[in-house]
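Results of the structural survey
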Amino acid sequence: MLHSNISSTILYACCDSTSKVMGTALGPEIIRNKLKNNNIAHEIKVSVKDKKSSFDYCKQIERIAELNNIKLTIGGEHLITFPILVAMARKISKLKLVIFDAHHDAYPYPISTHYSLFYHVWLELKLPMFFIGTRYEVERSFGSISILDWQDIESQSTRWSFEKICNFIDNSPFYLSIDLDVLNPSQFKAVSAPVPGGLSIKKCITLVEEILKLNPVGADIVEYNPLRDGHDLEMLEKIMPILSNLYQWSLNGG
Ligand SMILES: [Mn+2]
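The structure contained in this document is the topic of the report that follows.

What counts, and at which threshold
- All residue numbers refer to position in the chain's written sequence, counted from 1.
- With pLDDT at 70 or above as the cut-off, local features in this predicted model cover only qualifying residues; side-chain atom pairs require 80 or more to be listed or tallied, and sums for whole chains, interfaces and linings still use all residues.
- Joining buried Ala, Val, Leu, Ile, Met, Phe, Trp, Tyr and Cys residues through C-beta atoms within 7 Å gives a set, and that set is a nonpolar core.
- Counts of 20 or more other C-beta atoms within 10 Å of a residue's own C-beta define buried residues, counts of 12 or fewer define exposed ones, and intermediate counts define partly exposed ones; C-beta atoms are placed from the backbone.
- A run of H or I in DSSP becomes a helix once it reaches four residues, and a run of E becomes a strand once it reaches two; helices and strands are each numbered from the N terminus.
- We call two residues in contact whenever the C-beta atoms placed from their backbones are within 7 Å.
- In this description, the arc belongs to the directions extending from the helix axis to the C-beta atoms.
- Fitted lines through C-alpha atoms serve as axes, helices being fitted only where they are in contact, and the angles separating the N-to-C directions of these axes extend from 0 to 180 degrees.
- To sort the angles, those under 35 degrees are grouped as roughly parallel, those over 145 as roughly antiparallel, those from 65 to 115 as roughly perpendicular, and the leftovers as oblique.
- Crossings are classed by handedness, with left-handed meaning an anticlockwise turn of the near helix from the far one by less than a right angle and right-handed meaning a clockwise turn.
- The classification used treats Ala, Val, Leu, Ile, Met, Phe, Trp, Tyr, Cys and Pro as nonpolar, Asp, Glu, Lys and Arg as charged, and all other residues, Gly among them, as polar.

**Focus: the nonpolar core**
One broad rule of soluble globular proteins: the nonpolar side chains tend to lie buried together. Core analysis: the largest hydrophobic core is formed by 70 residues, its most contacted members being Cys15, Ile61, Tyr175, Leu180, Val182, Ile221 and Leu246. If you tally residues by element for this core, the top one is helix 8 (residues 234-253), at eight residues. Excluding residues within four positions of it along the chain, valine 182 makes contact with Phe100, Asp101, Ala102, Ile132, Gly133, Gly198, Leu199 and Cys204.

This is the structure in structure tokens:
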């Protein structure tokens, strides 16, 4: 299963074991089938069955991320970002994080779950973080977090938002994490924990496209829940431009 690999790898992380609502573990395989028409990517797939094994699962992902150049990860729940960052922070100094998410996932809980992963990123890895579109219980995060407000993003030009993001990155290496619940549920509802408000799909497509031109060291896209999509996968169809962009970038980026 493990390959020491200098070229870029796509990790399909099938895990929803710390989520209240199940279903995101089914996402990676469905997304993979959509993307694979011309599949030349090196791939690894990891699954977890229950909550008890989520710690082992994180350790397994951390090890995979140590041995491989995981350019793109497709989830699964957001917890999977943590072990990837643990491995990446060892390899890359001055790493920064750009996060699209309706939730801050930074509740000060002692055990790392998808509710607390960014609290642990801050506590254990000390990585600077910039949140985009975060709007749920912001006051309950571990401290003052930098947020680019979704209403500002929607009312201003793409250039305005992109400049804010560039100012934060400031030419440092950065990792991009996209939780699909950043999108407005009136346009995209196939997530486990939708929050009213949020980015339009159109704006998100453009912003991700611009950010990828800055060539992040790695990226993930998480929390697509096929159980909340229609039989025709209408929701997934809407976000395919984002997925295709990420996929293409991961193949070209090397
Ligand atoms: Mn979220």
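**What about the environment of histidine 42?**
Note that histidine 42 resides in strand 2 (residues 42-47). Once the C-alpha coordinates of histidine 42 and serine 8 are considered, the two residues, 34 residues apart in sequence, prove to be 6.9 Å apart.

**Observations regarding helix 1 (residues 27-35)**
For helix 1, the set of buried residues is Gly27, Pro28 and Ile31. Each buried residue of helix 1 sits inside an arc of 90° when the element is viewed along its axis, so together they form one side.

**Points about the packing of helix 2 (residues 54-67) against helix 3 (residues 81-91)**
Closest axis-to-axis distance for the helix 2/helix 3 pair is 8 Å, and the angle between their directions is 40°. The angle between the axes of helix 2 and helix 3 places the two elements in the oblique class. As for the relative orientation of helix 2 and helix 3, their crossing is right-handed in sense. From helix 2, Cys58, Ile61, Glu62, Ala65 and Glu66 reach across to helix 3, where they touch Phe82, Pro83, Ile84, Val86, Ala87 and Met88. Tallied by class, residues from the contact of helix 2 with helix 3 come to nine nonpolar, no polar and two charged.

**Points about unusual backbone geometry**
Here the residue pair glycine 75 and glycine 76 is connected by a cis peptide bond, since its omega of 10° sits within 30 degrees of zero. Inspection of the secondary structure assignment puts glycine 76 in the loop between strand 3 (68-75) and helix 3. Of note in this structure, lysine 94 is not a glycine but carries a positive phi near 60°. Relative to the elements of secondary structure, lysine 94 occurs in the loop between helix 3 and strand 4 (96-100). Phi at lysine 126 takes a positive value of approximately 55°, unusual for a residue other than glycine. In this fold, lysine 126 is placed in the loop between helix 4 (117-125) and strand 5 (129-132).

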